[in-house]
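Descriptive structure summary
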Amino acid sequence: MKENHEQRRKKLLHVFQKLSLPTSRIQLVDSYRDAEALWKLIFDHKGEGLIAKRQKSVYAPGKNHHDWLKIKNWRIIHVILSSYQPSNDYFNAAVWRNDSLISIGKCKHGLDAEARQTVTKLFMESGSFNGQSYTLPPAIVAAVQTLDLYQGELREPAFSGIGAEAEPADCTLKTLQREQAMLPAAVDFSKFDKLYWPKAGIDKSAYLVYMREIAPYMLPFLREHLLTLIRCPEGVEEEYFFQKHLPEYAPSFIKPFQSEEETFMLCDSLESLLWFANHGGIEFHIPFEKAGCMYPNEIVFDLDPPNRERFDLAIKAATIIKKYLDKLKLSSFVKLSGNKGLQIHIPIMEKSMSYEQTALFTQAIAQTVENQHPAFFTTERMKKNRHGRLYIDYVQHGKNKTIIAPYSARKTEEGTVAVPLRWEEVEPSLEPQNFTIKNVVARVQNMGCPFANYELVRQQQNLKEVFTLLGESPPL
DNA sequence: GTATTTG
DNA sequence: CAAATACAACGCGAG
DNA sequence: CTCGCG
């Protein structure tokens, strides 16, 4: 009943206000009727789970009946049982990290009486006792359900099985991290150990985990856009190629987009994202317009310094351009390209400007910046005429052109990412190589996505002053 | 990474 | 049966 | 002009 949510919230707030009760801590939780759709949502976001209740059941503190049901989003992992402590009945769970076992938590519940009896007996009869617990060499593998691996410790672990589903040698930290990530079952993954970024030590397994975790933040930008992929099936140092047509062998969850003549591809689901990633899809590029649409959805400035050492030029140019955009009362978003430079995104209302007009606008701004600081910036396309200046690429913004999608990894040796920034972060200490596959997930989970309001801003963006500047009027 | 063509 | 090839498109400079 | 490169 998602439709009624806003109404219900207002009604509830109204009642609380009438009774002079504090409303600041009221939180109305979304409710859904379609359990399958909701579970998909929870799975995609790695949510904790859901509460199900009878339609007429109301909440009462301490109530003990079965009208309310908590269904948790368990993930199943495989661990080695390394020791047993009789005093509290805990089994210690461990996995291999390189060649030594590391402890990842303790597990007690979930075994039936018979299995528990068998395993404790095994430990107490064959294990070595140190006064506290019995230890066995790595041999017993258990399947454990858990909610998370938080600071190296399993959350709410419970046995879900014990015995021969996996070999002790397979219980590695790498496998655990993958199980913890909950990769979608619809994709057939392969070659987890292939080094995709050899210099940074990032293998395919780590990349897939990155893509799975970043998917909720990345997919909104890919959805409804034609996809151009750069694929590096042998890693970023080996041969690469572009792909924009739907391959014949793609599974049915990869959505085609049919034009007159050609079949392009879309990426609109967790499964699609990870299927592309499993096929060595490293860079996800998208055009400025939605599939099948004539008009751009955003304006982007591409600020491309001659090299990493001159990243300061990108910071300088971005700061200047931001000042102009503020003057025009335009909200803008900034991201690291993941390569050498910065990109400024300005979401514009659907079908509000033609490509001719956005080109005019970007040229006007680019020219202004170039005229103001000719020693630092240039709109000169020819590399040999740039003389170490930062190139403000306004040609790159047009139909049939594409740009790297937010949160896409890049084909760079460090495994850098095209990462959205807050404007406050655009200052001299900013360095692109500090934002990689290894740390961007933690960053976005801690600080939120700086582009979270992108769609909201698009709907509210008023382009009146832009058209005044251009001396034109909107196309529609 | 996969399917197809070529040697 | 192993090896080679395609998987974008566009502008530019070299030949 | 085509070819190869980025």
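These numbers come from a predicted model, not from an experiment. Positions within a chain are numbered from 1, following the residues in the order the chain's sequence is written. Ligands are numbered from 1 and chains lettered from A, in the order in which they are written. Given that this is a predicted model, residues contribute local features only at a pLDDT of at least 70 and side-chain atom pairs are listed and counted only at 80 or more, while totals for whole chains, interfaces and linings are drawn from all residues. Values shown for side chains rest on all heavy atoms present in the structure; no hydrogens or waters enter the calculation.

1. Quick look at the pattern of salt bridges
Every case where a carboxyl oxygen of Asp or Glu lies within 4 Å of a side-chain nitrogen of Lys or Arg is listed as a salt bridge. Within the structure shown, the criterion is met by 24 salt bridges. K40 serves as the salt-bridge partner of E271, at 3.5 Å between the closest nitrogen and oxygen. A residue pair is termed long-range when its members are at least 10 positions apart, and E271 in helix 6 (residues 270-278) and K40 in helix 2 (residues 35-44) qualify at 231 residues. Each residue is placed in one exposure class: buried if its accessible area under a 1.4 Å probe, protein chains only, is under 20% of its type's maximum, exposed if it is over 50%, and partly exposed if it falls in between. When its relative accessible area of 15% is taken as the criterion, E271 is described as buried. Of the residues examined, K40 reaches a relative accessible area of 38% and is grouped as partly exposed. One salt bridge connects D268 with K255, and the closest N-O pair in it is separated by 3.2 Å. Labels follow the DSSP assignment, with helices taken as runs of H or I lasting at least four residues and strands as runs of E lasting at least two, numbered in each case from the N terminus.

2. Let's talk about helix 7 (residues 311-327)
The first and last C-alpha atoms of helix 7 sit 25 Å apart over 17 residues, in line with the 24 Å expected at 1.5 Å per residue. Among the residues making up helix 7, those that are buried are F311, L313, A314, I315, A317, A318, I320, I321, Y324 and L325. Any pair of residues with heavy atoms lying within 4.5 Å of one another is described as a contacting pair. Tucked into the core, helix 7 has its buried residues touching strand 18 (298-304), strand 19 (333-336), strand 20 (342-347), helix 8 (355-372), strand 21 (377-378) and strand 22 (390-393). Among the residues trailing helix 7, K329 stands out with phi positive, at a value near 55°. Any helix carries an expected span of 1.5 Å times its number of residues minus one.

3. Quick notes on the protein's contact with DNA strand B
We call a residue near a molecule or strand when any one of its heavy atoms sits within 4 Å of it. Lining the immediate environment of DNA strand B, one finds S190, K191, K194, Y196, K204, R231, P233, F241, Y249, N278 and H279. The sugar-phosphate share of atoms of DNA strand B within 4 Å of the protein amounts to 58%. Counted as a polar contact is a pair of N or O atoms within 3.5 Å, where, for protein atoms, one must be capable of donating a hydrogen and the other of accepting one, and residues adjacent in sequence contribute only when both atoms are in side chains. Separating a phosphate oxygen of DNA strand B from a side-chain N or O atom of S190 is a distance of 3.3 Å. Within the side chain of Y196, an N or O atom sits 3.4 Å from a phosphate oxygen of DNA strand B. Classes in brief: Ala, Val, Leu, Ile, Met, Phe, Trp, Tyr, Cys and Pro nonpolar; Asp, Glu, Lys and Arg charged; the others, Gly included, polar. Here the surface near DNA strand B is built from residues that sort into four nonpolar, three polar and four charged.

4. What about the domain arrangement of chain A?
Many analyses report the size of an interface as the accessible area lost when the parts associate. Under the domain assignment, chain A is made up of domain 1 (5-71) and domain 2 (75-181). The C-alpha-based centres of domain 1 and domain 2 are spaced at 36 Å. In this entry, domain limits derive from an automatic or database-based domain assignment.

5. Here we look at the packing of helix 5 (residues 204-222) against helix 6
To obtain an axis, a line is fitted to C-alpha atoms, over the contacting stretch when the element is a helix, and the angle between two such axes runs from 0 to 180 degrees between their N-to-C directions. Two elements in contact, helix 5 and helix 6, have axes whose closest approach is 9 Å; the angle formed by their N-to-C orientations is 140°. By the angle between their directions, the pair helix 5 and helix 6 is classed as oblique. The chirality of how helix 5 crosses helix 6 is right-handed. Contacts from K204, Y207, L208, M211, R212, A215, M218, L219 and L222 in helix 5 reach L270, L273, L274, A277 and N278 in helix 6. In the contact of helix 5 with helix 6, the residues fall into eleven nonpolar, one polar and two charged. Geometric relationships in this document are graded by angle, where less than 35 degrees denotes roughly parallel, more than 145 denotes roughly antiparallel, 65 to 115 denotes roughly perpendicular, and other angles denote oblique. Working rule for handedness: look at the near helix, and if it is turned counterclockwise from the far one by less than a right angle, call the crossing left-handed; if clockwise, right-handed.

6. A short note on the environment of I80
As for its position among the elements, I80 is in strand 3 (residues 75-85). Exposure remark for I80: the relative accessible area of 0% places this residue in the buried category. Each C-alpha atom of the pair I80 and H45 lies 28 Å from the other, and the pair is 35 residues apart in sequence. If we skip the residues at most four places from it in the chain, I80 touches N92, A93, A94, W96, L101, P138, A139, I140, P168 and C171.

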